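# Chains, contacts and geometry: an overview
Okay, here's what each chain looks like letter by letter:
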Amino acid sequence: MVEQNESVSKVLLLPALSTSKISVLCLISLFCSKKLPKPSIPPLLSIIVHVVDTSDTAHDDSRLSILPTLDGLLDDIGEAITRHYQLNPNLDLVLCAKDIKTVTTLLLDLLAGKFVHNLIVSFEYLDFSQVSDFWASFQEYKLDSKQKWRNKAKLKAEDNADLVFQEKLVELTGFSLDGFMTMTSFAEEGKQKRSSERTLVISQLDISNLLDRQIHLLEAYGTPTPSSLRKVLNLMAQLENGTLPSMYYVQYLEHLKGNEYQGAFDSLHRYFDYMMSNKQQAFYHYALLSLATLHASFGSDKEALRAINEAILVARENKDLNCLNYLLTWLLNFLKDKPDLFDKDVTSNSKDQILHFLKLKTKENKNHSLHSISYQFQALKTILEGGPLQSILEDITRASYILMNLDFKGEDLTTFVRNCQLQLSYWMRVGVIPLAEVYISIALDACNAKHNVFDELSILMRKACLLFFKGEVEEAFKILSSKQHQVSQDSSVFRTWNLRTMVLKLNLWLNKSRLRCSGILLSTMLAHLDTVNDTELKYEVLYYDALHQHLLGNNTEAISKVSSLLQELTKTNSHFNNYWFIKYKLLYADIFVKATNSSSRCMSILLNAIQLAHSSSLIPLVVEGSLILVNLLIRLDPKENYDDALILLHQLKPICLRLEIAELTANVGFLLSQTLFIKLKTQDARLQDTKEELNEILNELETGIIYYRKINKLQMLLKCFELEKELSIETGHADLLAHATDSIQKIKHRLREENQYGFV
């Protein structure tokens, strides 16, 4: 966006004039005087329009060159003409190089003359020192064209390029520099460039557009401010008349990104002090919105609510419906992860009322982006409440349809990416993994095209989770480690990213039975849980906390934790989360089945959880609950219940394979082999003659072993090989017994190593 040059030490800020504009004026002059080759006019006009029209650059996704170099402009001209010839087969490619040479030669010939002409026209607006600085800046600017000038003019090494340049000036303009300003030679200019201060001339219009563009990039994508632009802003801050309010807003966003509360607070206040002093009171509610965002980013939830409520009141008084719709959307997004605040501080408006208002008013005002978001919120609300699949799909389809009719620029594209995130998350939970992968691919393509850093990282986190649960553990951690450096530069993203990485690491460690290290990791996560505005992540960490207690053998403590979590979720409607409510119930039942002598006590809880999962179309949870039910039936009475267990397991097996969740596939394989072995022992007196049944058991057991190895679940691997050992003893297979015995020894040795992991 800004050419980086460390030698710049002074900035001249003019209302509209800058040295880079002279080249464009020359190009316009050549076009108006009909000196441009006709086939090259379309691409050259596109360049002129792109450079001259900067009225809507803030949300333009193309590369913005507010302060271009002369070399850069000439290169763009060459590329544009070449591309135009390539796209039009009826044009002679031989003429392409000739046209480029003609245009660039004419442009270079006209530079000095046009500079003098426009300087004279604008002279009454410039004082002497400004004229002097402008000329010095122009001398630096045209240095970029030195080599091109020599090549185009076909000068020999001994020729004086400056005399030729001056002659061309007189020839083209009829104006001599004698008595007005001394023409400095290229050699002298080079010495000046190395020894003296360099002045950069910028127009207020251009720098304002550049700052607006950077604000958009910071807000939407988190793109850091280039160091060259920071240097220009620092130099502008030293000028008496060089203050632009948007400078302070850029600083506010930078401080916010760097987690610097005081710096962000001071910059925000300075920005709105300038805005209010310039009679911009109509934007007071936007100031309050920014203040609310600042407070929310640093965990000051009550102050954030106070600011946003005041902003809503001011927006209503000013009848600014577009801003009001945005404020209500912000409020819903903020409160969805703050159920306690919703119950205490937002008593006058329910979620339904706010959503109904948003859907109506955004449609009336034709604010399509917010209209789509309102349906996304409606879908999310239905998901949290455990509503039917049909209602959720209707709202998601409406949100997607609205977005399909937009041009995907700026905020529209961000809304589209967030819609993809909602859908991929939902399809992951419903169990349609291929569709979730499609939305991951679509969202990442959109993020890469628009350099959307925030959303790209969020989607990559979900992709890593998906790969982990599919059993592709190494690939999942590769994704997380590949972005670690980028994430560490942004504290707002780092907290969530770091906790999400720790959750996957915790899951892996629990599978490996690294229980002591897992306890330390859990303590760290629980200590930082309040700093993350993500209720889903909080519920997941608390789930693993209870599971960790169960694996340690502290079943009473584990059951107590799960009971407290269930009570918390059912405290109010705002706290309820259907997915985690079912997940906690399943964990409660699983603990009872595996660790108590009263397994039947959890039957009603387990059946209720399966029913809730089924009514919400959460197929992975239905399968998980059904497998716990099979385990319960076998524990209650294996001889009486193995037929029912086998019927259920044979129905679950193809579903597990379709879901592609490694742990569920492993569990169904292990339970099938265990139940088939019970059936074999119950029905056949001579197990040595049951070759077909034995092969079936071993096939299912192999499935369990393969998938448990994928997710490193060592305790279940040990159970698989113990079952294999028992089977080999019953059937009298010596080779099988030797394999099982050797594997058991290796697994036990590995378990001892894992238990000591991290300790000397």
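This is a predicted model, so every value here is computed, not measured. (Residues numbered from 1 in each chain as written. Predicted model: local features only at pLDDT ≥ 70, side-chain atom pairs only at ≥ 80, totals over all residues. Heavy atoms only, no water.)

## A word on the overall build of the chain
Within the chain, the regular secondary structure consists of 36 helices and 2 strands. Excluding contacts between residues fewer than 6 apart, the proportion of contacts in the chain whose partners are at least 24 apart in sequence is 68%. Carbon and sulfur atoms provide 52% of the accessible area of the chain, an area that totals close to 36,200 Å². (Helix = DSSP H or I, 4+ residues; strand = E, 2+ residues; numbered from the N terminus. Contact = heavy atoms within 4.5 Å. Areas by Shrake-Rupley, 256 points an atom, 1.4 Å probe, with all protein chains shown as cover.)

## As for the nonpolar core
Generally speaking, nonpolar side chains in soluble globular proteins are found buried as a group. If you look at the biggest cluster of nonpolar residues, it comprises 90 residues, and the most contacted ones within it are Met 525, Val 562, Tyr 584, Leu 606, Leu 627, Phe 670 and Tyr 708. With 12 residues, the single largest contributor to this core is helix 29 (residues 578-595). (Core = buried A, V, L, I, M, F, W, Y, C linked by side-chain atoms within 4.5 Å. Buried < 20%, exposed > 50% of the residue type's maximum accessible area, 1.4 Å probe, protein only.)

## Some words on the packing of helix 29 against helix 30 (residues 603-615)
Two elements in contact, helix 29 and helix 30, have axes whose closest approach is 9 Å; the angle formed by their N-to-C orientations is 150°. When the axis of helix 29 is compared with that of helix 30, the two are roughly antiparallel. Considering only the axes of helix 29 and helix 30, their crossing is left-handed. Residues Phe 581, Ile 582, Lys 585, Leu 586, Tyr 588 and Ala 589 of helix 29 pack against Ile 605, Leu 606, Asn 608, Ala 609, Leu 612 and Ala 613 of helix 30. Counted by class, the contact of helix 29 with helix 30 contains 10 nonpolar, 1 polar and 1 charged residues. (Axes fitted to C-alpha atoms, helices over the stretch in contact; angles between N-to-C directions. Parallel < 35°, antiparallel > 145°, perpendicular 65-115°, else oblique. Left-handed = near helix turned anticlockwise from the far one by under 90°. Nonpolar A, V, L, I, M, F, W, Y, C, P; charged D, E, K, R; others polar.)

## A look at a nonpolar patch on the surface
Taken together, the side chains of Val 432, Leu 435, Val 438 and Ile 442 define a hydrophobic patch exposed on the protein surface, amounting to about 260 Å² of accessible area. Its place among the elements puts Val 432 in the loop between helix 20 (411-430) and helix 21 (433-450). A residue is classified by how much of its surface remains accessible, and Val 432, at 32% relative accessible area, is partly exposed. (Patch = residues over 30% accessible without salt bridge, like charges linked within 9 Å, V, L, I, M, F, W, Y side chains within 5 Å. Salt bridge = Lys/Arg side-chain N within 4 Å of Asp/Glu carboxyl O.)

## Some thoughts on the pattern of salt bridges
Going through the model one piece at a time under the given rule, you end up with 22 salt bridges. The residue Glu 754 makes a salt bridge to Arg 514 at a minimum N-O spacing of 2.3 Å. Placement of Glu 754 in helix 36 (residues 734-755) and of Arg 514 in the loop between helix 25 (491-511) and helix 26 (515-527) is noted, with a sequence separation of 240 residues between them. Each member of the pair Glu 754 and Arg 514 is classed as buried. When the shortest N-O distance is used, the salt bridge between Glu 754 and Arg 750 registers 3.0 Å. Taken together, the positions of Glu 754 and Arg 750, both in helix 36 and 4 residues apart, correspond to about one turn of that helix. Through salt bridges with shared partners, a single network forms among Glu 437, Lys 470, Glu 472 and Glu 660.

## Digging into the packing of aromatic side chains
Between two aromatic rings, the relevant description is the distance of the centres plus the angle of the planes. Counting across every chain of the model gives 13 aromatic pairs. Between the aromatic rings of Tyr 543 and Tyr 584, the centroid separation amounts to 6.3 Å while the plane-to-plane angle is 20°, which identifies the pairing as stacked. Taken together, the residues Tyr 543 in helix 27 (residues 535-552) and Tyr 584 in helix 29 connect sequence positions 41 residues apart. Accessibility classification places Tyr 543 together with Tyr 584 in one group, the buried group. Among the aromatic residues, those joined into a ring-pair cluster are Tyr 543, Tyr 544, Tyr 579, Trp 580 and Tyr 584. (Phe/Tyr/Trp six-rings, centres within 6.5 Å; stacked < 30°, edge-to-face > 60°.)

## Considerations on empty space enclosed by the protein
Counted according to the given criterion, the structure contains 2 cavities of 30 Å³ or more. Of the pockets and cavities examined, the largest cavity occupies roughly 80 Å³. Lining the largest cavity are 13 residues, with Ile 383, Tyr 426, Asn 578, Tyr 579 and Leu 618 positioned closest to its centre. Elements supplying a minimum of two residues to the lining of the largest cavity: helix 18 (368-385), helix 20 and helix 29. When the residues that make up the lining of the largest cavity are grouped by side-chain class, the tally is 6 nonpolar, 5 polar and 2 charged. (1 Å grid on protein atoms, 1.4 Å probe; cavity = no way out; pocket = protein on both sides within 12 Å on 5 of 7 lines; lining within 4 Å. Points joined across faces, edges and corners; volume = space filled by probe spheres on them.)

## A closer look at the side chain of Gln 549
Following the sequence through the fold, Gln 549 ends up in helix 27. Apart from residues lying up to four places away in sequence, Gln 549 is in contact with Asn 554, Asn 555, Glu 557, Ala 558 and Lys 561.

## Comments concerning helix 35 (residues 714-731)
Given 3.6 residues per helical turn, the α-helix brings residues three or four places apart onto the same face. Spanning 18 residues, helix 35 covers 26 Å between terminal C-alpha atoms, matching the ideal 26 Å at 1.5 Å per step. Within helix 35, burial applies to Leu 714, Met 716, Leu 717, Leu 718, Cys 720, Phe 721, Leu 723, Glu 724, Leu 727, Ser 728 and Thr 731. Two residues or fewer past helix 35, Gly 732 is found with a positive phi of approximately 75°. (Expected span 1.5 Å × (residues − 1).)

## Here we look at unusual backbone geometry
Of note in the backbone geometry, Glu 660 takes a positive phi value of approximately 65° without being a glycine. For Glu 660, a relative accessible area of 29% corresponds to the partly exposed category. In this structure, Asn 712 is a non-glycine residue whose phi angle is positive, near 60°. Here Asn 712 shows up in the loop between helix 34 (691-710) and helix 35.

## Things to note about the environment of Lys 257
With respect to the helices and strands, the residue Lys 257 is situated in helix 11 (residues 245-257). Through-space distance from the C-alpha of Lys 257 to that of Ser 297 is 9.4 Å; in sequence the pair is 40 residues apart.

## What to know about the packing of helix 18 against helix 19 (residues 389-404)
Direction vectors running N to C along helix 18 and helix 19 enclose 165°, while the axes themselves pass 8 Å from each other. With respect to helix 19, the element helix 18 is oriented roughly antiparallel. The two elements helix 18 and helix 19 cross, and the hand of that crossing is left-handed. Each of His 368, His 371, Ser 372, Tyr 375, Gln 376, Gln 378, Ala 379, Thr 382 and Ile 383 in helix 18 lies in contact with helix 19, whose residues at this interface are Ser 391, Ile 392, Asp 395, Ile 396, Arg 398, Ala 399, Ile 402 and Leu 403.

## Observations concerning helix 22 (residues 453-470)
Between its terminal C-alpha atoms helix 22 stretches 26 Å, which fits the 26 Å expected from 18 residues at 1.5 Å a residue. Burial analysis of helix 22 places 14 of its 18 residues in the buried class, which makes it a mostly covered element. Following helix 22 by one or two positions, Gly 471 adopts a phi angle in the positive range, close to 100°.

## Brief notes about the confidence of the model for the chain
Looking at the chain, the pLDDT average stands at 77 and 68% of residues meet or exceed 70. Segment residues 108-116 is flagged for pLDDT under 50; beyond a separation of four residues in sequence, or across chains, it makes 32 contacts in the model. Note on residues 172-195: pLDDT under 50 across the span, and 37 contacts to partners over four residues away in sequence or across chains. (pLDDT = per-residue confidence, 0-100.)

## Section: the environment of Leu 321
By the element assignment, Leu 321 lies in helix 15 (residues 321-335). For Leu 321, a relative accessible area of 33% puts it in the partly exposed group. Each C-alpha atom of the pair Leu 321 and Asn 365 lies 7.8 Å from the other, and the pair is 44 residues apart in sequence.

## Notes on the side chain of Thr 329
With respect to the helices and strands, the residue Thr 329 is situated in helix 15. Polar contacts involving the side chain of Thr 329 include one to the main-chain carbonyl oxygen of Asn 325, which spans 2.8 Å. For Thr 329, the contacting residues outside a window of four places in its chain are Leu 358, Leu 370, Ile 373 and Phe 377. (Polar contact = N/O pair within 3.5 Å; in protein donor to acceptor, adjacent residues only side chain to side chain.)

## Comments concerning the environment of Phe 468
Summarising the element assignment, Phe 468 is placed in helix 22. The exposure class of Phe 468 is buried, given its relative accessible area of 2%. When near neighbours in sequence (up to four residues on either side) are disregarded, Phe 468 contacts Val 473, Ala 476, Phe 477, Leu 504, Asn 507, Leu 508 and Ile 711.

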